[in-house]
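If you want the building blocks of each chain, they are given just below.
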Amino acid sequence: MKILIINGPNINMIGIREPKIYGKKSYKELTKVMCEYANEKRNLTLETYQSNHEGDIVDKIQYAFFNKFDGILINPAAYTHTSIAIADAIKAVGIPTVEVHLSDISMREEYRQISYVSEVAVKTIMGKGFDGYIEGIEYLLTKKWTI
Ligand code: DQA
């Protein structure tokens, strides 16, 4: 099974940015945790990607289609709350997609209460830090999908 992990804007700054909200661990540590997890699992190939640019994220979602990925785990970061383009891309490719957030956006500012991605994701996980990413991959691995 091939899964693509996409992280949106400023996720490359975790560990530095607002550590009380996003924790003290870096993006490099996040990718390390995910790669170690993938190495323990047979039949799982993970690719990680981070971008600060909306269009590049759309391109990467389409890339997942043309390269036959089975699942996408995405933390769209601030684009969660604004990007119809990212939601449309997820719908367009029809690949099961789990939305993940390090923080619990439901408990934060009002402008974070809207998620366009939630409408097209098979599951949304929030407020569990790095563990949420593992949970999201597990979910993609164990479910059988009909979209
Ligand atoms: C985030 C939550 C978003 O509201 C915010 O803009 C982020 C990170 C999270 O992982 O908690 O950049 O997606």
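## Re the site of the ligand
Part 1 of the argument: Contacts to the ligand come from Ile11, Arg17, Tyr22, Asn75, Ala77, Ala78, His81, His101, Leu102, Ser103, Ile105 and Arg112.
Part 2 of the argument: At a separation of 2.8 Å, an oxygen atom of the ligand approaches a polar side-chain atom of His101.
Part 3 of the argument: Leu102 is positioned such that a nitrogen or oxygen atom in its backbone is 2.7 Å from an oxygen atom of the ligand.
Part 4 of the argument: Relative to its unbound accessible area of 320 Å², the ligand is 98% covered by the protein chains.
Part 5 of the argument: For the shell around the ligand, the class distribution of residues is six nonpolar, four polar and two charged.

## Details of the pattern of salt bridges
Part 1 of the argument: Scanning the model with the defined rule gives six salt bridges in all.
Part 2 of the argument: One salt bridge in this structure joins Glu109 and Arg112, with 2.6 Å as the shortest N-O distance.
Part 3 of the argument: Here Glu109 falls in the partly exposed class, since its relative accessible area comes to 31%.
Part 4 of the argument: Here the residues in one salt-bridge network are Arg108, Glu109 and Arg112, joined through shared partners.

## A short note on the sheet that holds strand E3 (residues 71-75)
Part 1 of the argument: Judged by pairing direction, the sheet is parallel, and its five strands sit side by side in the order E2-E1-E3-E4-E5 without closing on themselves. In the strand order of this sheet, the two ends are held by strand E2 (45-50) and strand E5 (123-126), each with one partner. Between one strand axis and the next, the sheet turns by 20° as a mean value, whatever way the strands run.
Part 2 of the argument: Note: E3 against strand E4 (residues 97-101), three bridges, orientation parallel. Across the sheet, the residue bridging to Ile74 is Glu99, located in E4.
Part 3 of the argument: Contacts from helix H5 (residues 130-142) reach strand E1 (2-7), E2, E3, E4 and E5 within the one sheet, and its direction differs from that of E3 by about 160°.

Reading the values: the criteria
- Residues numbered from 1 in each chain as written.
- Predicted model: local features only at pLDDT ≥ 70, side-chain atom pairs only at ≥ 80, totals over all residues.
- Heavy atoms only, no water.
- Near = heavy atom within 4 Å.
- Polar contact = N/O pair within 3.5 Å; in protein donor to acceptor, adjacent residues only side chain to side chain.
- Areas by Shrake-Rupley, 256 points an atom, 1.4 Å probe, with all protein chains shown as cover.
- Nonpolar A, V, L, I, M, F, W, Y, C, P; charged D, E, K, R; others polar.
- Salt bridge = Lys/Arg side-chain N within 4 Å of Asp/Glu carboxyl O.
- Buried < 20%, exposed > 50% of the residue type's maximum accessible area, 1.4 Å probe, protein only.
- Pairing = 2+ DSSP bridges.
- Helix = DSSP H or I, 4+ residues; strand = E, 2+ residues; numbered from the N terminus.
- Axes fitted to C-alpha atoms, helices over the stretch in contact; angles between N-to-C directions.
- Contact = heavy atoms within 4.5 Å.

Fair warning: the whole summary comes from geometry, so function is off the table for now.
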